[in-house]
Amino acid sequence: MFLVEQVKVSERSPPVTCLLHGPSGSGKTALAATIGIDSDFPYIKIVSAEAMNGLQESKKCAHITKVFEDAYKSPQSIVILDDIERLLEYTEIGPRFSNEILQTLLNFLKQSPPEGSKLLVIGTTSEVTFLKAVGLRKAFSVTYSSPLLRTEDANKVLKQLNVFSEDDIEEASKALNDIPIKQLYFLIEMAARRDGRSKETIYTRKEKLSITHFLDCLEEVTEDI
Ligand SMILES: Nc1ncnc2c1ncn2[C@@H]1O[C@H](COP(=O)(O)OP(=O)(O)OP(=O)(O)O)[C@@H](O)[C@H]1O
């Protein structure tokens, strides 16, 4: 929430910009959304590849422009640029991306909002090297790396979720290291299915998850990688 406070006290200047980078599924979008929800800003908008699906390049630029222009009408706003590499239509093979969308984003990251309007831009990416190569990374004033879960982090998440018995929480977390939080949820849900239970039953803590099934699922998923 430091970022939100920084926007509130900022004088008229370029927008406060923060890039969250890290592996896919490590919680970047969730963190950006939480910052938006916890702020009391009247305008919060997520620009995502899903929302622009099927649009031509020029229409995508127009969509992004509209989001920023609407933000400028609000005294305090947050624009989340989710999965920037996907917004830029980046493909590793080639590599290819949309220069028109890149220039549109660079323009809004550098441009000062009009007087009376304060803006926080949060970008997320799993492809920070690509962003660096096209000059987008340095357009953000702050960068934050979203980490994988280590054993002690997994332990905290499992304690909160409370899907295992106490002893099993310790055993499960010892088996986990350096995994994205999304993969932890995936494993829990996979183990629940194998147990013949719905994920709702597990998450609502009506029944505990079998550690044996969980560890089997972990082994299978790790083998697949
Ligand atoms: N702090 C958290 N506590 C609980 N669940 C979380 C947390 N952060 C993320 N999650 C969950 O983990 C999953 C993945 O999170 P998210 O989509 O934010 O990752 P991401 O890094 O943006 O992934 P991608 O790069 O693939 O878009 C989501 O289902 C989300 O609800």
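Residues numbered from 1 in each chain as written. Predicted model: local features only at pLDDT ≥ 70, side-chain atom pairs only at ≥ 80, totals over all residues. Heavy atoms only, no water.

In the annotation of an unreviewed UniProt entry, the entry for the protein chain reads Vesicle-fusing ATPase, and the organism field reads Cardamine amara subsp. amara. Quoted verbatim from the Sequence similarities (unreviewed entry) field of UniProt, the annotation for the protein chain is "Belongs to the AAA ATPase family." Quoted straight from UniProt, the Subcellular location (unreviewed entry) entry for the protein chain says "Cytoplasm". (UniProt positions renumbered as here; feature names shortened; annotations may be inferred.)

Draft legend 1. A look at the site of the ligand. Taken together, 13 residues lie around the ligand, and Ser24, Gly25, Lys28, Thr29 and Ala30 are the ones closest in. Lys28 has a polar side-chain atom sitting 2.7 Å from an oxygen atom of the ligand. Take Tyr185: an N or O atom from its side chain is 3.0 Å from a nitrogen atom of the ligand. Considered on its own, the ligand offers 630 Å² of accessible surface; in the complex 62% of this is hidden by protein. More than half of the atoms belonging to the ligand lie within 2 Å of the grid points that define the largest pocket. Elements represented by at least two residues in the shell around the ligand include exactly helix H2 (28-38) and helix H9 (181-194). Looking at side-chain class alone, the shell around the ligand contains four nonpolar, six polar and three charged residues. Split by domain, the residues of the shell around the ligand number at least three in each of domain 1 (2-145) and domain 2 (151-224). (Near = heavy atom within 4 Å. Polar contact = N/O pair within 3.5 Å; in protein donor to acceptor, adjacent residues only side chain to side chain. Areas by Shrake-Rupley, 256 points an atom, 1.4 Å probe, with all protein chains shown as cover. 1 Å grid on protein atoms, 1.4 Å probe; cavity = no way out; pocket = protein on both sides within 12 Å on 5 of 7 lines; lining within 4 Å. Sits in = over half its atoms within 2 Å of the grid points. Helix = DSSP H or I, 4+ residues; strand = E, 2+ residues; numbered from the N terminus. Nonpolar A, V, L, I, M, F, W, Y, C, P; charged D, E, K, R; others polar. Domains from an automatic or database assignment.)

Draft legend 2. The packing of aromatic side chains, seen in detail. Counted under the stated rule, the structure contains six aromatic pairs. On the basis of an interplanar angle of 55° and a centroid distance of 6.4 Å, the ring pair of Tyr72 and Phe108 is categorised as tilted. A residue pair is termed long-range when its members are at least 10 positions apart, and Tyr72 in helix H3 (residues 57-72) and Phe108 in helix H5 (residues 99-110) qualify at 36 residues. A residue is classified by how much of its surface remains accessible, and Tyr72, at 12% relative accessible area, is buried. Relative accessible area serves as the criterion here: at 5%, Phe108 is assigned to the buried category. (Phe/Tyr/Trp six-rings, centres within 6.5 Å; stacked < 30°, edge-to-face > 60°. Buried < 20%, exposed > 50% of the residue type's maximum accessible area, 1.4 Å probe, protein only.)

Draft legend 3. Up close: the domain arrangement of the protein chain. Splitting the protein chain by domain gives domain 1 (2-145) and domain 2 (151-224). Just the C-alpha atoms count here: the centres of domain 1 and domain 2 sit 33 Å apart.

Draft legend 4. Layout of the pairing of strand E3 (residues 76-81). Burial analysis of E3 places five of its six residues in the buried class, which makes it a mostly covered element. With five bridges connecting them, strand E2 (residues 43-47) and E3 associate as parallel partners. Within the sheet, the bridge partner assigned to Ile44 lies in E3 and is Ile78. Traced from E2 through H3 to E3, the parallel crossover comes out right-handed. Bridge count between E3 and strand E4 (residues 118-125): six bridges; the pairing is parallel. Bridging from a neighbouring strand, Val79 pairs with Val121 of E4. (Pairing = 2+ DSSP bridges. Right-handed = clockwise from strand over helix to strand, strands pointing away.)

Draft legend 5. Here's a closer look at the layout of surface pockets. Space inside the largest pocket adds up to approximately 210 Å³. Every residue along the wall of the largest pocket is listed here: Ser24, Gly25, Ser26, Gly27, Lys28, Thr29, Ala30, Asp83, Ser126, Ile181 and Lys182. Top contributing element to the lining of the largest pocket by residue count: H2, with three residues. Considered class by class, the residues forming the lining of the largest pocket number two nonpolar, six polar and three charged. (Points joined across faces, edges and corners; volume = space filled by probe spheres on them.)

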